[in-house]
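# Per-entry structural report
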Amino acid sequence: MIAGLFADVPARGLVLLAVLAAALLLAPAVAGDYLLSILILCLYFSFVGQAWNVMMGFAGQLSLGHSLYVGLGAYTSAALFVHYQTVPWIGMLVGMAVAGAAGAVIGGLGFRFGIRGVYFALLTIAFAEFTRVGFDHFGWVGGSSGLFLPVEYRHDSDLLTLRGAPVMFYYVMLAFTAGALVLARVILASKIGYYWQAIREDQEAAQALGINVFRYKMLAVALSAALTSMAGTFYAFYYNNLYPETIFSMHKSIEILLGVVVGGLGTLFGPIVGAFLLTTLGEVMTGVAEHIDLDGIKQLFLGLCLLVIILFRPAGVWPWLARRLGLGGRDDA
Amino acid sequence: MLRVDSVTKYFRGLTAVRQVSFEVPTGSIVALIGPNGAGKTTTFNVINGIMRPEEGRVELDGHDITGLRPDQVCHAGVGRTFQIAKPLAGLSVLDNVVVGGLRITNKVAEARIAAAEILDLLDLADKRDTAAGSLTLPERKRLEVARALATGPKLLLLDEVMAGLRPNETDALVETFRQLNRNLGLTILLIEHVMRAVMALSEHVVVLNHGVLISSGTPEEVVRNPEVLECYLGEEAV
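What counts, and where the lines are drawn
- Per chain, residues are indexed from 1 in the order of the written sequence.
- The naming scheme follows written order: chains are lettered A onward, ligands numbered 1 onward.
- Only residues with pLDDT of 70 or above have their local features reported here, since the model is predicted, and side-chain atom pairs are shown and tallied only from 80 upward, although totals for entire chains, interfaces and linings are computed over all residues.
- Contact criterion: two residues are in contact if their C-beta atoms, reconstructed from the backbone, are within 7 Å.
- Numbering of helices and strands starts at the N terminus; helices are DSSP runs of H or I of at least 4 residues and strands are runs of E of at least 2.
- Three classes are used: nonpolar for Ala, Val, Leu, Ile, Met, Phe, Trp, Tyr, Cys and Pro, charged for Asp, Glu, Lys and Arg, and polar for all others, with Gly counted as polar.
- Joined through C-beta atoms within 7 Å, a set of buried Ala, Val, Leu, Ile, Met, Phe, Trp, Tyr and Cys residues constitutes a nonpolar core.
- Three exposure classes are used. Buried residues have 20 or more other C-beta atoms within 10 Å of their own C-beta, exposed residues have 12 or fewer, and partly exposed residues fall in between, all C-beta atoms being placed from the backbone.
- Note that the domain bounds reflect an automated or database-derived domain assignment.
- When DSSP locates at least two bridges between a pair of strands, those strands are taken to pair.
- Axis geometry follows a simple rule: fit a line to the C-alpha atoms, using only the stretch in contact for helices, then measure angles between N-to-C directions, giving values from 0 to 180 degrees.
- Expected span, for any helix, means 1.5 Å times one less than how many residues it has.
- Note that the term roughly parallel is reserved for angles under 35 degrees, roughly antiparallel for angles over 145, roughly perpendicular for angles of 65 to 115, and oblique for everything else.
- Less than a right angle of anticlockwise turn of the near helix away from the far helix marks a crossing as left-handed, whereas a clockwise turn marks it as right-handed.

## Focus: the interface of chain A and chain B
Facing the 18 residues of chain A at the interface are 23 residues of chain B. Sorting the residues of the side of chain A that touches chain B by element identifies helix 8 (191–201) and helix 9 (203–208) of chain A as the ones contributing at least two each. No other element matches helix 8 of chain A, which puts six residues into the side of chain A that touches chain B. Across the side of chain A that touches chain B, the residue classes tally to nine nonpolar, five polar and four charged.

## Side note on the nonpolar core
Counting 162 residues, the largest nonpolar core has Met173, Ala198 and Phe234 of chain A together with Ala146 of chain B as its most contacted members. Broken down by element, this core gets its largest block of residues, 16 residues, from helix 10 (residues 213–239) of chain A. Both of domain 1 (2–77 + 153–237) and domain 2 (89–146) of chain B provide at least three residues apiece to this core. Apart from residues lying up to four places away in sequence, methionine 173 of chain A is in contact with Ile40, Leu43, Tyr44, Phe47 and Phe234 of chain A.

## A closer look at the sheet that holds strand 8 (residues 187–191) of chain B
All names here are of chain B. With respect to topology, six strands assemble into an open sheet ordered 6-7-8-3-9-10, the strand pairing being mixed. At either margin of the open sheet sits one strand with a lone partner, and together these are strand 6 (78–80) and strand 10 (212–217). Geometrically, the sheet is characterised by an average inter-axis angle of 15° between neighbouring strands, direction not taken into account. In this sheet, strand 7 (residues 155–159) lies alongside strand 6 in parallel orientation, the contact comprising three bridges.

## With respect to helix 10 of chain A
In an α-helix, one turn spans 3.6 residues, which is why side chains three or four residues apart end up on the same side. Residues and elements named next belong to chain A. With 27 residues, helix 10 extends 39 Å between its outermost C-alpha atoms, agreeing within 8% with the 39 Å of an ideal straight helix rising 1.5 Å per residue. The buried count for helix 10 comes to 22 of 27 residues, which makes it a mostly enclosed element. Just past helix 10, the residue asparagine 240 takes up positive phi, approximately 65°.

## A few points about the domain arrangement of chain B
Residues and elements named next belong to chain B. When its domains are assigned, chain B resolves into domain 1 (2–77 + 153–237) and domain 2 (89–146). Computed over C-alpha atoms, the centres of domain 1 and domain 2 are 25 Å apart. The interface of domain 1 with domain 2 comprises seven residues on the first partner and eight residues on the second. By residue class, the composition of the side of domain 1 that touches domain 2 is four nonpolar, two polar and one charged.

## Focus: unusual backbone geometry
Residue and element names in this part refer to chain B. Not every positive phi belongs to a glycine, and arginine 12 is a case in point at roughly 50°. Positioned with a positive phi, glutamate 160 is a non-glycine residue whose angle comes to about 55°. Turning to its location among the elements, glutamate 160 is positioned in the loop between strand 7 and helix 6 (167–184).

## Quick look at the pairing of strand 2 (residues 14–24) of chain B
Moving residue by residue along a regular strand, the side chains alternate between the two faces of the sheet. Residues and elements named next belong to chain B. As defined by bridge partners, strand 1 (residues 2–11) adjoins strand 2 across seven bridges and the pair is classed as antiparallel. Directly across from valine 7, in strand 2, lies its bridge partner valine 20. Linking strand 1 back to strand 2 in an antiparallel pair, the connection comprises two residues, with arginine 12 at a positive phi of about 50°.

## Some details on the environment of arginine 323 of chain A
Topologically, arginine 323 of chain A is positioned in helix 15 (residues 317–324). Along the primary structure arginine 323 of chain A and valine 54 of chain A are separated by 269 residues, whereas in three dimensions their C-alpha atoms are 23 Å apart.

## Some thoughts on the sheet that holds strand 4 (residues 55–60) of chain B
Residues and elements named next belong to chain B. Overall, antiparallel pairing links the four strands, which are arranged 2-1-4-5 in an open sheet. Because the sheet does not close on itself, it has two edges, and the strands there are strand 2 and strand 5 (63–64). Note: strand 4 against strand 5, two bridges, orientation antiparallel. The residue bridging glutamate 59 from the neighbouring strand is aspartate 64, located in strand 5. Sitting on the sheet, helix 1 (residues 40–48) touches strand 1, strand 2 and strand 4, and the angle it makes with strand 2 is about 65°.

## Comments concerning the pairing of strand 9 (residues 204–209) of chain B
Residues and elements named next belong to chain B. For strand 3 (residues 29–33) and strand 9, the ladder comprises four bridges, and the chain directions are parallel. The residue bridging alanine 31 from the neighbouring strand is valine 205, located in strand 9. Where strand 9 hands over to strand 10, the hairpin turn is made up of two residues, of which histidine 210 adopts a positive phi near 50°.

## A closer look at the packing of helix 13 (residues 270–291) of chain A against helix 15 of chain A
Residue and element names in this part refer to chain A. Here helix 13 crosses helix 15 at 100°, and the two axes come no closer than 8 Å. With respect to their mutual orientation, helix 13 and helix 15 come out roughly perpendicular. On the side of helix 13, the interface is formed by Gly270, Val273, Gly274 and Leu277, while helix 15 contributes Val317, Trp318 and Leu321. Its residues assigned to classes, the contact of helix 13 with helix 15 comprises five nonpolar, two polar and no charged.

## Some remarks on the packing of helix 13 of chain A against helix 14 (residues 297–312) of chain A
All names here are of chain A. Contact geometry for helix 13 and helix 14: axes closest at 9 Å, N-to-C directions at 140°. Here helix 13 is positioned oblique relative to helix 14, judged by the angle of their axes. Crossing geometry of helix 13 relative to helix 14 is assigned as right-handed. Contacts from Leu281, Gly282, Met285, Thr286, Val288 and Ala289 in helix 13 reach Ile297, Lys298, Phe301, Leu302 and Cys305 in helix 14. Looking at the contact of helix 13 with helix 14 residue by residue, the class counts come to eight nonpolar, two polar and one charged.

If you want it as structure tokens, here you go:
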């Protein structure tokens with residue numbers, strides 16, 4: 001099983017992967033608080049990017065409302081923790097079920113009535129938006145004034161209740177990201193992965209080849225939603241505060257997919273490369289903006305960078321990087 | 001094997017296919033010919049479930065398959081190719097065929113072995129790692145056939161797979177279909193404009209014009225039918 005995972009990865013790729021894994025595992029030992037917080041962000045976007053990639057990159061179903069699933073995961077686990085002291089890991093499982101069900105409802109509606117492409121994407125936005133409005137008026141979770149988790153300043157870490165220092169959150173997110181990568185690789189090489197890609201490339205052809213298109217698209221949406229909600233649980237316990245206006249916002253949905261598009265849609269490492277690249281770039285721009293006293297200069301720079309990347313690497317940075325690193329033309333090496 | 005029974009299909013006001021009935025006996029090769037717009041592809045779409053007919057039935061081995069979804073029809077044992085080839089452009093040629101092969105097995109490794117054999121058969125072996133989107137038109141047509149074959153059909157529907165091929169390529173593909181028919185007992189229903197292939201392959205020909213079946217019989221009978229000559233083949237074909 002483990003050996004099969006690396007079966008067709010070239011030796012060079014294995015070495016690079018080992019170096020990368022070691023660097024990420026040891027990073028907290030050398031990184032300061034600031035760098036650690038950036039790395040956590042990088043991993044966070046790697047993970048949600050991978051989750052979004054399952055739906056869009058593999059199965060070709062565009063979602064512009066993934067903040068819905070982050071929000072549902074965050075609110076479910078946080079509310080259960082605040083009201084019933086439920087362990088976040090249980091809350092996370094409940095959140096995954098809730099988000100998966102929400103994904104199934106959206107997918108069920110869209111796919112049953114043959115809504116495809118951008119129209120389906122509009123449906124995903126609509127659901128995220130009216131969930132946001134709904135949570136604004138949902139008193140049990142604080143409505144528009146937000147939901148807060150009790151903050152404890154402590155240096156020891158309690159993994160069970162996800163209360164503790166940033167280092168703990170770093171390793172949790174690293175485990176999530178690694179887990180999602182392994183899961184994506186296993187699924188992509190399986191029958192499900194082949195069927196998803198067939199649907200992405202040509203739905204009619206896929207159907208004529210015996211693929212129950214509805215069932216496989218539903219699977220993609222539900223899995224993507226459930227994975228994304230895990231990031232929501234993390235978000236809730238890391239930031240300790242939740243506002244519907246922030247967590248369900250369109251802006252959050254876009255943030256999730258930008259890294260994947262920049263890194264390489266439908267590839268395994270694209271979401272990770274894109275997340276690290278964009279997060280780092282964002283931080284650099286913040287630094288630059290501090291020296292230039294001009295409103296919106298950060299967004300302007302960031303937008304320009306995106307433009308340049310997408311113009312010159314329309315298939316994403318990773319496929320090109322993989323070739324430069326001598327990992328061959330394969331984008332999943 | 002296949003029985004199409006008084007099938008009628010409208011597109012709004014237009015009757016694409018009217019009361020068409022014919023049979024494809026097990027183990028046979030039947031050709032469906034006729035001028036453009038005669039309703040040939042519509043007939044295919046009704047058989048494979050892309051379209052639901054307004055009237056009539058489609059039976060496969062005595063089972064009613066009318067109105068089933070294309071994937072269900074595929075599972076019932078009908079493979080089809082598309083007139084306008086639909087390669088899974090971003091996937092390799094081999095992976096295209098693997099997708100088809102996963103109809104009969106859940107194991108990707110098994111499907112890959114079977115797919116490689118089918119690519120050999122259709123002379124696409126040297127293209128196996130090429131992206132399907134970069135194939136030439138004749139290659140795309142062969143890939144359509146390979147993918148449909150991989151699903152393990154008992155009835156294969158071929159929609160103009162010879163179009164655009166050179167005569168020697170046509171002959172090679174004709175020979176492949178003959179072997180599949182003879183060695184594996186594959187039943188074939190083909191839409192074809194290339195009369196060279198129709199005459200060489202089919203035992204029985206069905207002619208459609210304006211959605212109506214105007215003639216049916218052996219290739220020799222059909223090409224002597226004055227009505228067929230007038231609407232489709234032209235006088236010089238005699």
